[in-house]
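# Close look at the chain arrangement
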Amino acid sequence: MSTTAARPGKVDPYDFLQIDALLSAEERLLRDTVRRFVADRVLPDIAEWFEAGTFPKELVKEMAAMGLLGMHLDGYGCAGTSAVAYGLACLELEAGDSGVRSFVSVQGSLAMFPIWRFGSEEQKQQWLPAMAAGDVIGCFGLTEPDSGSDPGSMRTAARRHGDDWVLNGTKMWITNGDLADVAVVWAQTDDGIRGFIVPTDTPGFSSNAIHRKLSLRASVTSELVLSDVRLPGDAVLPEVAGLKGPLSCLNEARFGILFGAVGAARACYEAALGYAKQRHQFGKPIASFQLIQRTLVEMMVAVNRGTLVALHIGRKKDDGSLDPTHVNFGKLDNVRMALDVARQARGVLGANGITLEYPVVRHMNNLESVYTYEGTNEIHTLVLGQAITGISAFD
Ligand code: TGC
Ligand code: FAD
């Protein structure tokens, strides 16, 4: 019979459960490459970008060169990585800032994915290689001023005029809106909700940046206005009609978020652990106080648990056994976990916890958006409620 002796000091506080060992060498290499990029190119300037409310557009081509745009898609200039590899990239990017991960999520999972999954061969050839290369930036217009959690109630409409389509409506809270060269816009038609590829220089299309945000400040969020936007007949995505089109895209982006949120949580935990060991009060490091140790342990356990949940869901996606509701589970639990960890870390940092000198309050504020977008906490709860009871709370 073997016994496991306690080995105090032998565990790694930054990888307590040795989750690293569950990754392949290729996955670790990818993870380390993105982590280095974040350390070199994001962390030195992120506080300034956040404070100024600017997105670092200069990073787009660099992220494209690393294969991060549409990275889990095959062909058309995309890297074709596994789902887990895509998740790990999102985790590392969001350990830098949710805004950087948001850019990658929207470009790859919300703008490129619908073209890749539901587009014609001509549409794929026209748009995907340029988007993977970062030469064309995309956005995804689903939400409207009066239609958020219930996208089926959208008012934006596309009507046939001869062979053309004419779109009218307003989309709200659109990530990358002002940066975008192309928008994937979802609109009501006589055949139900359809997706349209809208070049943003089409007459009648305009975007207005949303200012005064206190969250995701290093990310562009916009209103899109479509006023008699006339598009050729082949602007519609031919392979899908109905709400399942945009909801399929959300599965992809939510998958990136359930990994990404762990990155933000990890960054907050590591900041709190480092701070607690060097900050002295009452003649000793605050890390020596039992209440602070409990807080640090709660954070550490939460981050390890969230990482395992993400990895499990990622492995299921890769082996084809994933149910979409597993993604709802991961988005619900990992984002609320990350927000909770960020708030605990902020407390450990005391007054320093409210400044941009440390990453914690920036992550905490960002996570308030992550909690709301891609389906709120309540929406994911109700989807899971339906999954386990068989009763829809939406009908
Ligand atoms: P419901 O009647 O349940 O379904 C309508 C049709 O859709 C199908 N479906 C799905 N298909 C694929 N994946 C899923 N997860 C799906 N869930 C449902 C369903 O089978 C049905 O198909 P069919 O063929 O029978 O017509 O739809 P509902 O109207 O009751 O709504 C369900 C609900 C509330 C869960 C859904 O509307 C929802 O998820 N609402 C939340 C909206 C949301 O998440 N919006 C996000 C906007 S994009 C964004 O936030 C980007 S942030 C980006 C960033 O910066 O990172
Ligand atoms: P509402 O739907 O009005 O919800 C308000 C409150 O009511 C929430 O707490 C909600 O959970 C609750 N609620 C609603 N319905 C129910 C119910 N049936 N039962 C219980 N509670 C309920 N959208 C895009 O299309 N593209 C983007 O790129 C994009 N980027 C975004 C970026 C940012 C920074 C933000 C903040 C949002 C973005 N969104 C985007 C919009 C986002 O998806 C919506 O904000 C989200 O879906 C919620 O919609 P809402 O804000 O209208 O809230």
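Basis of the calculations
Residues numbered from 1 in each chain as written. Chains lettered and ligands numbered in written order. Predicted model: local features only at pLDDT ≥ 70, side-chain atom pairs only at ≥ 80, totals over all residues. Heavy atoms only, no water. Near = heavy atom within 4 Å. Polar contact = N/O pair within 3.5 Å; in protein donor to acceptor, adjacent residues only side chain to side chain. Areas by Shrake-Rupley, 256 points an atom, 1.4 Å probe, with all protein chains shown as cover. Salt bridge = Lys/Arg side-chain N within 4 Å of Asp/Glu carboxyl O. Helix = DSSP H or I, 4+ residues; strand = E, 2+ residues; numbered from the N terminus. Buried < 20%, exposed > 50% of the residue type's maximum accessible area, 1.4 Å probe, protein only. Pairing = 2+ DSSP bridges. Patch = residues over 30% accessible without salt bridge, like charges linked within 9 Å, V, L, I, M, F, W, Y side chains within 5 Å. Lys, Arg positive; Asp, Glu negative; His and termini not counted. Charge placed at Lys NZ, Arg CZ, Asp CG, Glu CD. Contact = heavy atoms within 4.5 Å. Core = buried A, V, L, I, M, F, W, Y, C linked by side-chain atoms within 4.5 Å. Domains from an automatic or database assignment. Buried area = accessible area lost by both parts, 1.4 Å probe. Phe/Tyr/Trp six-rings, centres within 6.5 Å; stacked < 30°, edge-to-face > 60°.

### What to know about the site of ligand 2
In the neighbourhood of ligand 2, 17 residues make up the surrounding shell, with Thr143, Ser149, Trp173, Thr376 and Glu378 lying closest. Taking Ser149, its side chain carries an N or O atom lying 2.7 Å from an oxygen atom of ligand 2. Trp173 is positioned such that a nitrogen or oxygen atom in its backbone is 2.7 Å from a nitrogen atom of ligand 2. The fraction of the free accessible surface of ligand 2 (980 Å²) that becomes covered by protein chains is 66%.

### Points about the pattern of salt bridges
Summed over all chains, the structure comprises 18 salt bridges. Notably, a salt bridge pairs Arg35 with Glu92, separated by 3.1 Å at the nearest N-O pair. One end of the pair, Arg35, is in helix α1 (residues 25–42); the other, Glu92, is in helix α4 (residues 83–96), and 57 residues separate them in sequence. The partly exposed category is assigned to Arg35, whose relative accessible area is 35%. On the accessibility criterion, Glu92 (2% relative accessible area) is buried. Residue Arg343 pairs with Glu368 through a salt bridge whose shortest N-O separation is 2.6 Å. Of the two residues, Arg343 is situated in helix α9 (residues 324–348) and Glu368 in helix α10 (residues 360–372); the sequence distance between them amounts to 25 residues. By relative accessible area, Arg343 is classed as partly exposed at 43%. The partly exposed category is assigned to Glu368, whose relative accessible area is 34%. Taken together, the shared-partner salt bridges connect Arg35, Glu92, Arg266 and Glu270 into one network.

### A look at the pairing of strand β3 (residues 164–175)
Each regular strand displays side chains that alternate between the two surfaces of the sheet. Here strand β2 (residues 157–161) pairs with β3 via 5 bridges, running antiparallel. Looking at β3, one finds that Ala157 is bridged to Asn168. In this structure, the hairpin formed by β2 and β3 is closed by a connection of 2 residues, where Gly162 is found at a positive phi of approximately 60 degrees.

### What about the side chain of Gln123?
In this fold, Gln123 is placed in helix α6 (residues 121–132). Among the residues examined, Gln123 registers a relative accessible area of 5% and is labelled buried. Of note is the side chain of Gln123, whose polar atom sits 2.9 Å from the backbone oxygen of Val236.

### So, a negative patch on the surface
Taken together, the side chains of Asp45, Glu48, Glu51, Glu58 and Glu357 define an acidic patch exposed on the protein surface. Here Glu51 lies in helix α2 (residues 46–52). Here Glu51 falls in the exposed class, since its relative accessible area comes to 56%.

### Quick notes on the side chain of Asp15
Within the fold, Asp15 resides in the segment before α1. No salt bridge is formed by the buried Asp15. Its closest oppositely charged neighbour is Arg31, at 6.7 Å. A polar side-chain atom of Asp15 sits 3.1 Å from the main-chain amide nitrogen of Asp20. When sequence neighbours within four positions are dropped, the list of residues in contact with Asp15 reads Asp20 and Asn304.

### Comments concerning the nonpolar core
One finds Val42, Met63, Leu93, Phe103, Met299 and Val341 to be the most contacted residues of the largest nonpolar core, which totals 77 residues. No other element matches the 15 residues that helix α7 (residues 244–278) contributes to this core. With near-sequence residues (within four places) excluded, Val341 lies in contact with Ala265, Cys268, Tyr269, Met299 and Ala302. Counting residues in hydrophobic clusters, the runner-up holds 27 residues, among them Ala111, Leu128, Leu142 and Ala253.

### Observations regarding the domain arrangement of the chain
A common way to report how large an interface is uses the accessible area buried once the components associate. Taken domain by domain, the chain consists of domain 1 (19–132), domain 2 (138–242) and domain 3 (245–389). For domain 1 and domain 2, the distance between their C-alpha centres works out to 23 Å. Contacts between domain 1 and domain 2 engage 28 residues on the former and 24 residues on the latter. Both sides of the domain 1 and domain 2 interface together cover about 2,000 Å² of buried area, and 71% of this is carbon and sulfur. At the junction of domain 1 and domain 2, the tally comes to 0 salt bridges. Viewed at the interface, domain 2 and domain 1 are joined by 6 residue pairs in polar contact (both at pLDDT 80 or more). Broken down by secondary-structure element, the contributors of at least two residues to the side of domain 1 that touches domain 2 are α2, α5 (98–118) and α6. Residue contributions to the side of domain 1 that touches domain 2 peak at 12 residues, all from α5.

### A few points about unusual backbone geometry
With phi around 55 degrees, Tyr76 is a residue other than glycine that occupies positive phi space. Looking at the secondary structure, you find Tyr76 in the loop between α3 (59–65) and α4. Its relative accessible area of 23% is what places Tyr76 among the partly exposed residues. The phi dihedral of Arg212 is positive, around 65 degrees, even though this residue is not glycine.

### A short note on the packing of aromatic side chains
Applying the stated criterion across every chain yields a total of 9 aromatic pairs. Three or more aromatic residues joined by ring pairs make a cluster, and in this case those are Tyr86, Phe255 and Phe259.

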